[in-house]
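Structural description and commentary
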Amino acid sequence: MRAFLAPPRATGRVLAGVGASALLLGLYARGGYAWVLGFAVLVPWLLASNAVSTVTGALLSGWAMSIAFVAAVFLWFGAALDSYTGVGTVPALLVLCICAPLLQPQVIVFAVVRHVAGRHHGVALRALAGASAWIACEWLWPKLLGDTLGHGLAPSLWLRQVADLGGAAGITFLLILVNEALTQAVAQRRDGIRRVLRPLAFAIALPAVMAGYGVLRLSAIESALSAPAAAMRVAMVQANLVDYERRRRERGTYAVVREVLDTHFALSRAAIEHHHADALLWSETVYPTTFGHPRSEDGAALDREILEFAAAANVSLVFGTYDRDAAGEYNAAAFLAPGAGLIGTYRKTYPFPFTEHVPARLDGPLLRRWLPWAGSWQPGSGARVMPLRAADGRELNVVPLICLDDVRPGLAIDGVRLGAQAIVGLSNDSWFTNYPIGARLHLAVASFRSIETRLPQLRVTTNGLSAFVDPTGEVLARTAMGDRAVLAGEVPLRDPPLTLMVRWGDWVGGAGMALLLLLAIASVVHVWRERRAKSELRASIGAASPTVPAGVDVVLLTPGWRAATALLRVCAGAGLLWLALRMLLRDGLQVNSIVQLQIFIFATVTPALAAWAIQRVFAARAHVAAGTLVLQQRHRRIEIPLDRIVAARAWRIPLPGTGVDLGLASGARFTHGIAVADIHALLRALTDAGSTVKVADAISTRMADYATARARATWPRLDHPLVKFVLFPLLPALPAFRLHQYIAFGGTFGELYTYGFVAWFTGLLVWWAAWSIGLMLFAAVLRIVVESMHVAMLQWPARADAARRTLTVLSRVAFYIGLPGWLAIRLLSG
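Summarised in this report is the structure supplied together with it. Bear in mind the structure is a predicted one, so any value in this text is a computation, not a measurement.

Residue position: R582 is located in helix 19 (residues 559-587). R582 sits in the buried class, given a relative accessible area of 16%. Those residues in contact with R582, other than ones at most four positions away along the chain, are D587, V595, Q596 and I599.

On the surface, R119, R531, R616 and R634 cluster together into a patch of positive charge. In this structure, R531 sits in helix 18 (residues 508-544). Take R531: its relative accessible area is 47%, and that puts it in the partly exposed class.

On to the sheet that holds strand 1 (residues 231-238). The strand order across the open sheet formed by 6 strands is 5-4-3-2-1-12, and the pairing between neighbours is mixed. Each of the sheet's edge strands pairs with one partner strand only, and the pair in question is strand 5 (341-347) and strand 12 (485-492). Averaged over all pairs of adjacent strands, the angle between their axes in this sheet comes to 35 degrees, without regard to strand direction. Sheet analysis places strand 1 next to strand 2 (residues 279-281), joined by 3 bridges and oriented parallel. Across the sheet, A235 pairs through a bridge with L280, a residue of strand 2. Contacts between helix 12 (residues 253-275) and the sheet are confined to strand 1, strand 2 and strand 12, with strand 1 contributing the most and set at about 150 degrees to the helix.

Before going further, it helps to examine the packing of aromatic side chains. Tallied over the full model, the rule gives 26 aromatic pairs. Residues F69 and F74 carry aromatic rings whose centres are separated by 6.5 Å and whose planes lie at 20 degrees to one another, so their mutual orientation is stacked. Like F74, F69 is buried. For the ring pair F737 and W760, a centre distance of 5.7 Å and an interplane angle of 70 degrees mean the geometry is edge-to-face. In this pair, F737 sits in helix 24 (residues 730-745) while W760 sits in helix 26 (residues 757-792), placing the two residues 23 residues apart along the sequence. Just as F737 is buried, W760 falls in that class too. Each member of the aromatic cluster is reached from another via a ring pair, and the members are F265, W282, Y287, F291, F309 and F319. A cation over an aromatic ring shows up here: R408 above the ring of Y350, its NZ or CZ 4.1 Å from the ring centre. Over the ring of F815 we find K724, and its NZ or CZ is 5.2 Å from the ring centre.

Cut-offs applied
Residues numbered from 1 in each chain as written. Predicted model: local features only at pLDDT ≥ 70, side-chain atom pairs only at ≥ 80, totals over all residues. Heavy atoms only, no water. Helix = DSSP H or I, 4+ residues; strand = E, 2+ residues; numbered from the N terminus. Buried < 20%, exposed > 50% of the residue type's maximum accessible area, 1.4 Å probe, protein only. Contact = heavy atoms within 4.5 Å. Patch = residues over 30% accessible without salt bridge, like charges linked within 9 Å, V, L, I, M, F, W, Y side chains within 5 Å. Areas by Shrake-Rupley, 256 points an atom, 1.4 Å probe, with all protein chains shown as cover. Salt bridge = Lys/Arg side-chain N within 4 Å of Asp/Glu carboxyl O. Lys, Arg positive; Asp, Glu negative; His and termini not counted. Charge placed at Lys NZ, Arg CZ, Asp CG, Glu CD. Pairing = 2+ DSSP bridges. Axes fitted to C-alpha atoms, helices over the stretch in contact; angles between N-to-C directions. Phe/Tyr/Trp six-rings, centres within 6.5 Å; stacked < 30°, edge-to-face > 60°. Lys NZ or Arg CZ within 6 Å of the ring centre and 35° of its normal.

Structure follows, in structure tokens:
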């Protein structure tokens, strides 16, 4: 790591900052009054990261912080995995730390984006970009446990109310901004009190505004909830029966199910007798077989017994079980109503990865052999609102959430839109038995669903922590870990007040992504303007002093880095070819599936961006000064005397682009290959300065001619990838998306009003991406035609250059005018 962090002391400083922030994060995750640490947990690491001078250093800093984050906050999770899988505590912890960049990728993305933004913008934009990157990454890459920094404010009654505006993600965004402000205040402490006061005032004002909003919001909610309304008494049964698998091995399946049912029947009768419950809730998978689809006569008899119990008790009953159809089995919740029996089943939407569900593309005999405990449940189809019916006809419409369903806001929000009046959570947190901090964190995360939707929540677990949560996120009552208990209370039958989260959905992450895109576009425009200004300045200087050679943009690549970059380019092309073949042979000539988008993102865009990033890291400016070839990189300068350069051999295969290898007078080859768009421009700069460099052979001459013709035919604006494949696809995507909205939802913003901002914006992104893929495939076809004809004419250099320019112009006309014109004609004729 030391080689990438400059100055040398920065390595130790970063590691110390990582350690200090990890310690604060560990305390912050404990809850209680430690919530105040949320406004400063990142400050030590941010201060140390300010000394990092390279992108690689920022990447390594983020990687170290992600590991420290997991070790400080989720060490218990590794031990819990051991208790579930039996792989051993040490291997489980090692796997957890190795997977830290996947569990907390937002830390790495934040570190890199913050560093890059800090080099090109001021402190304020650096903070905004970093915070946006954090929440955008969490939005694009939903984490296993749904955790985010904002959940740490659950103990603060006033501050957590902000979640009904932007969810826990919105609080995370604000926390990061306060951390950045405090970091800036500390960093400027030696520059005078005035330099400190401004960021310090912001760091104080933002929590104060949050608290003020919380006070006002609490007052409004209490006023709304104080209105008289009918209520339903609901009792939750926590039987404290765990480790079904061990019990099955020791006593057999039927004996275990028999004990489970007898225990729940007894506790439920007590709830009805002593608490006058209208409805009963049992926990996740409490009935560990397929209800309504018995596998044996004993199973059918147990199904009838549950139905008869509910009918005799004359109450609604909700319990965790399994469901089954032609596609497979599901983790489910069954709803029984007085006088009606089974009225419906909800299937868990987000089964736990691998332990409950294995994606089809990963499943197979090899994985089952490595992970014998891997589950085979299928994911459900999304939110569903079900009624809890009392014997006298009262109904409470609830949205059921099973375990991981409550760590993401989308299902609860969809439930409100479907008419839910309360959340019913079923969870089996028994693998947290020896690690109650896991159960506490799960409850804290789940409580945010009530704040975001203003729905009361009834959360029943196998052995803790069962709880009643009110619409402000306050836990009114809860059981302890390991208790056998009944928790009962009244739930009012009223609709919740509308929140911004319900209107717009989980919008903060998407907004962060949009802000990042705007900053990126602004940065590209800024860099383009700077380069244009420098180019004009160099031209004016060159006119006055013709003997001063102009610089040439190049990329210095060692053989290893060149091979890696070329491989990434080939992978990107292969991904695009794969997508084209799939469309030709299977899907048809249209982008209409999520699978196509996934192939495009992971097989084409990802390797292309990785190749671009490598070339940006090793980019340099080549110019001649004082009899030497100067290759100036951002943090390194290489000088080669001109009299040592005797030959230039053009790359036979132009990957990752056109380029040359320089032969030296000693007979050796320069250690770096030089990727350059216009090879002849580089050679002219050398020969004009007095170098005797020669082109190595006829093939090198042809490749140099090819590279120069290609460079001269390029138009920097129209041929820029952002213009061709990001901005231009938006032009046809917008009217197509608008037409789709009118057909499917009755207006341009129909989906926005029906399902919220996130659903509407996601739809727009899908249409945008679909057009981007289509235009990229069309551009690839045009590129193949142009390159093939140009290569065929290389044996006639004088004609090849003119042919290349003509072909390139025609391809631009076909791309920017021909395709839109053809689409317009089709629409008008239709």
